[in-house]
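Residue-level structure breakdown
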Amino acid sequence: MSATSPARQLREVVFVDGVRTPFGKAGEKGIYAETRADDLVVKCIRELLRRNPSLPAARIDDVAIAATTQTGDQALTIGRTAALLAGLPKSVPGFAIDRMCAGALTAVTTTASGIAFGAYDVVIAGGVEHMGNHPMGQGADPNPRFLSERLVDPAALNMGNTAENLHDRFPAVTKERSDSYAAASQRKLAAAYAGNRIQPDLVPVAAKKPGQGWDLHTADQPPRPETTVEELAGLRTPFRAHGRVTAGNAAGLNDGATAALLASAETAAELGLPARMRLVSFAFAGVEPEVMGIGPVPASEKALKQSGLDIADIGLFEINEAFAVQVLSFLDHFGIAEDDDRVNRYGGAIAVGHPLASSGVRLMTQLARQFEEDPGVRYGLTTMCIGLGMGAAVIWENPHHQDYSLRSSTAAAVSGTSGKDLA
């Protein structure tokens, strides 16, 4: 008879730091038109190490990088190749993840689970998407059974159509409301830039401009702060005649990369790393693929139930703005006003861009900044919809709050140097 295995105590996981490249427009006019996707990831990994000099590179236990279209320079197990290209010791392994828009978010939750279980102490998790070089769905071969056996609605294979379907399901979310929300997202991002809230976590990227040499990019390319509701009202609706989804109230096609540093609370304290957020709970949920934008609702409900919290306990929301209708349907479900100050304080993907698999870490990085600014908020939620009918949600705790759960065990890390000071 084998001996009984000893009980394993799960460990607390903290978000140490997060960075991203400026996001660019996809295509020939994009700032990264001649830049490799893996090089964007390398920039982020190196910046994390620069900002956290007390972390020996050899202490990193794994590197998880997500990409939705895993071909070309986004292939070859990009977590491993990016680790090697970034100069990490060859003893540091890596792997790739694909959960479409929630790729980086899943890289975080997957490696965080390893930390909680004791398999890792420190990890890097992030994502990249070069939609200019690798358009969404490039090379994909959906099984014909999806349509022949009516396993999914044909609209499920086109994200814009799913957003129109969401408008159908929730007629209270009008085009006028979507346009108003989109214009507000642009204004909020512009205000965040004016207040220097975005720039500290951006990695400057030198990129070659076709025929014109090199430029150093230190700001996002997609924002249009001058956008008005009147201008948005006149945009065409490409997914349906007389529809409601336009290029102005949806996220664009973008290029960019993100990366985050996660650790056990004990390891962060040992190495003098800042504990900028504590992971409370996370959840994924499936919904009908043809209305994938509603996915954040059941995912958030599941994460809240697991944590014993209520939606009223959430003091800050970072909701990925794949489409305005997706955010508004989430807010309506939970009875939250669309102009509630807790929601996307720095604007969102409609303004800044959405390079698919990278966006989850952008949400987390922005939430961590807001926690620093607002110690009166104890819990925050990062959530997003996912293609083919899924949603993801992660709940975080603010270490600056007076009732922070790990106050005694991580006080040294919390009071240490933050990424903001190093930027």
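Computed from a predicted structure; not experimentally measured. (Residues numbered from 1 in each chain as written. Predicted model: local features only at pLDDT ≥ 70, side-chain atom pairs only at ≥ 80, totals over all residues. Heavy atoms only, no water.)

**Topic: the pattern of salt bridges**
- One pass over the full model with this rule turns up 27 salt bridges.
- Across the salt bridge formed by Asp 17 and Arg 276, the nearest N and O atoms sit 2.9 Å from each other. Residue Asp 17 is found in strand E1 (residues 13-20), and its partner Arg 276 is found in the loop between helix H8 (265-271) and strand E9 (277-286); the two are separated by 259 residues along the sequence. The exposure classification of Asp 17 matches that of Arg 276, with both residues buried.
- Here Asp 168 and Arg 244 are joined by a salt bridge, their closest N and O atoms 2.7 Å apart. Note that Asp 168 is positioned in helix H5 (residues 159-169) and Arg 244 in the loop between helix H7 (229-233) and strand E8 (254-264), a separation of 76 residues in sequence.
- If you follow the salt bridges from partner to partner, you end up with Asp 17, Arg 51, Asp 201, Arg 276, Arg 369 and Glu 372 in one network. (Salt bridge = Lys/Arg side-chain N within 4 Å of Asp/Glu carboxyl O. Helix = DSSP H or I, 4+ residues; strand = E, 2+ residues; numbered from the N terminus. Buried < 20%, exposed > 50% of the residue type's maximum accessible area, 1.4 Å probe, protein only.)

**Quick word on the side chain of Glu 318**
- Inspection of the secondary structure puts Glu 318 in strand E10 (residues 314-319).
- Lacking a salt bridge, the buried Glu 318 has Arg 362 as its closest oppositely charged neighbour, with an N-O distance of 4.4 Å.
- Polar contacts involving the side chain of Glu 318 include one to the side chain of Gln 370, which spans 2.8 Å.
- Excluding residues that lie within four positions of it along the chain, Glu 318 makes contacts with Asn 344, Arg 345, Arg 362, Leu 363, Gln 366, Leu 367, Gln 370, Leu 381, Thr 382 and Thr 383. (Lys, Arg positive; Asp, Glu negative; His and termini not counted. Polar contact = N/O pair within 3.5 Å; in protein donor to acceptor, adjacent residues only side chain to side chain. Contact = heavy atoms within 4.5 Å.)

**Structural notes on empty space enclosed by the protein**
- Applying the stated rule across the entire model yields 2 cavities of 30 Å³ or more.
- As a volume, the largest cavity reaches approximately 70 Å³.
- What lines the largest cavity is Arg 20, Arg 197, Ile 198, Asp 201, Tyr 346, Arg 362, Thr 365, Gln 366 and Arg 369.
- Here the element with the most residues in the lining of the largest cavity is helix H12 (residues 359-373); it accounts for 4 residues.
- The class makeup of the residues in the lining of the largest cavity is 2 nonpolar, 2 polar and 5 charged. (1 Å grid on protein atoms, 1.4 Å probe; cavity = no way out; pocket = protein on both sides within 12 Å on 5 of 7 lines; lining within 4 Å. Points joined across faces, edges and corners; volume = space filled by probe spheres on them. Nonpolar A, V, L, I, M, F, W, Y, C, P; charged D, E, K, R; others polar.)

**Quick notes on the pairing of strand E12 (residues 390-397)**
- The element E12 is extensively covered by neighbouring structure, given that 7 of its 8 residues are classed as buried.
- Here E9 pairs with E12 via 8 bridges, running antiparallel. What sits directly across from Gly 286, in E12, is Met 390.
- Where strand E11 (residues 379-386) meets E12, 8 bridges bridge the pair, whose relative direction is antiparallel. Following the sheet pairing, Met 384 is matched in E12 by Ala 392. (Pairing = 2+ DSSP bridges.)

**As for the UniProt feature "active site" (unreviewed entry) in the chain**
- Mapped onto this numbering, the UniProt entry annotates "active site" (unreviewed entry) at Cys 101, His 354 and Cys 385. These annotated residues cover 285 residues of sequence, and their C-alpha atoms all fall within 12.0 Å of one another, placing them together at a single site.
- For Cys 101, the location among the structural elements is in the loop between strand E4 (94-97) and helix H3 (103-117).
- By relative accessible area, which is 8% here, Cys 101 ends up buried. (UniProt positions renumbered as here; feature names shortened; annotations may be inferred.)

**Describing the environment of Ala 303**
- Positionally, Ala 303 belongs in helix H9 (residues 296-307).
- Residues Ala 303 and Cys 101, 202 residues apart in the sequence, show an inter-C-alpha distance of 18 Å.
- In this structure, Ala 303 is in contact with Ser 281, Phe 282, Ala 283, Ala 393 and Ile 395, ignoring residues within four places of it in sequence.

**Focus on the nonpolar core**
- Judged by nonpolar contacts, the single largest core of 42 residues is most densely connected at Phe 317, Phe 323, Phe 330 and Ile 395.
- Broken down by secondary-structure element, the contributors of at least two residues to this core are H5, helix H6 (175-194), E9, H9, E10, helix H10 (324-334), E11 and E12.
- The biggest single contributor to this core is H10, with 7 residues.
- Discounting residues that sit within four places of it in the chain, Phe 317 has contacts with Ile 311, Phe 330, Ile 336, Arg 342, Val 343, Asn 344 and Leu 381.
- Grouped together as the second largest cluster of nonpolar side chains are 40 residues, Ala 86, Ala 207, Ala 259 and Ala 265 included. (Core = buried A, V, L, I, M, F, W, Y, C linked by side-chain atoms within 4.5 Å.)

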